[in-house]
Structure formats: structure tokens, C-alpha cells
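Next come the chains, spelled out residue by residue.
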Amino acid sequence: MTSSLMDFDLPEDWSCSVEFELTAEGVYAGRAELRHEFTQCCVLVVTQQPTREAAIECMKFQAARFVAEWNARLTQPS
């Protein structure tokens, strides 16, 4: 697997490095590392997607959801 930086339309200061592979079963799997500035915040995993595009969309959805929840925690009063 090779890693590549992907543009998932994340807010400023967020980045996502993604690795995909085509499994022996003919489906796509992969992992994405989400970073806020220089800090690794999350690793997302996607399995058994029928196409690379489906795997990308699934990761994009998960990344956006994680960032939204992260930002919501930051704005909640303690």
C-alpha cells in the first residue's frame, strides 16, 4: 500500500493521509490517518468496499463526521 494525501474538503489545519489496497477477494480496503495541524487524531479503517471510489466516499464521510464531533467537543462548555 502506498500513502497519499487526499483532499476531503476538511476544515483548515486538518489533513488526511490515505492508503488503499485491492484485496485477494476483489474488494477495496484501506486506512486513513487524520491530523489536526501536526497531531495525529484518528485512524479510520474501511473494509470490503466494491470499488476504490466507494472506499474513498466511505472514508470521506467518516473523516467529516470525526472532525465535526471533534469540533463540537471543543465548543461545548465544561
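Residues numbered from 1 in each chain as written. Predicted model: local features only at pLDDT ≥ 70, side-chain atom pairs only at ≥ 80, totals over all residues. Heavy atoms only, no water.

S.K.: What should I look at first to understand the pattern of salt bridges in this one?
M.R.: Pairing of side chains with opposite charge becomes possible as their charged atoms draw close. Taken as a whole and assessed by the stated rule, the structure comprises four salt bridges. One salt bridge in this structure joins D9 and K60, with 3.6 Å as the shortest N-O distance. Placement of the pair is D9 in the loop between β1 (3-6) and β2 (14-22) and K60 in helix α1 (residues 52-75), with a sequence separation of 51 residues. Taking the shortest distance from any N to any O, the salt bridge between E33 and R35 comes out at 2.7 Å. When its relative accessible area of 17% is taken as the criterion, E33 is described as buried. Classification of R35 as partly exposed rests on a relative accessible area of 28%. (Salt bridge = Lys/Arg side-chain N within 4 Å of Asp/Glu carboxyl O. Helix = DSSP H or I, 4+ residues; strand = E, 2+ residues; numbered from the N terminus. Buried < 20%, exposed > 50% of the residue type's maximum accessible area, 1.4 Å probe, protein only.)

S.K.: Before we go on, may I ask you to explain the sheet that holds β1 in this structure?
M.R.: Each strand in a sheet pairs with its neighbour through backbone hydrogen bonds, running either in the same direction (parallel) or in the opposite one (antiparallel). The strand order across the open sheet built from four strands is β1-β2-β3-β4, with neighbouring strands paired in antiparallel fashion. Taken across any chain shown, the strands that pair with only one partner, and hence form the sheet edges, are β1 and β4 (39-49). For this sheet, the mean angle separating the axes of adjacent strands, direction not counted, is 25°. Packing against the sheet, α1 makes contact with β1, β2, β3 (28-36) and β4, and its axis sits at approximately 145° to β4. (Pairing = 2+ DSSP bridges. Axes fitted to C-alpha atoms, helices over the stretch in contact; angles between N-to-C directions. Contact = heavy atoms within 4.5 Å.)

S.K.: Sorry, what's going on with unusual backbone geometry here?
M.R.: A positive phi angle, close to 80°, is found at D13, a residue other than glycine. Within the chain, Q48 stands out as a residue other than glycine whose phi angle is a positive 50°. Within the secondary structure, Q48 sits in strand β4. Classification of Q48 as exposed rests on a relative accessible area of 64%.

S.K.: Would you take a moment to explain the packing of aromatic side chains for this structure?
M.R.: The geometry of an aromatic ring pair is captured by the separation of the ring centres together with the interplanar angle, meaning the angle of the planes. Using the criterion set out here, one finds three aromatic pairs in the structure. Ring centres of W14 and F66 lie 6.4 Å apart, and the angle between their planes is 80°; on these two criteria the pair is classed as edge-to-face. Residue W14 is located in strand β2, and its partner F66 is located in helix α1; the two are separated by 52 residues in the primary sequence. Classification of F66 as buried rests on a relative accessible area of 17%. Between F66 and W70 the ring centres are 5.8 Å apart and the planes differ by 40°, which places this aromatic pair in the tilted class. Taken together, the positions of F66 and W70, both in helix α1 and four residues apart, correspond to about one turn of that helix. (Phe/Tyr/Trp six-rings, centres within 6.5 Å; stacked < 30°, edge-to-face > 60°.)

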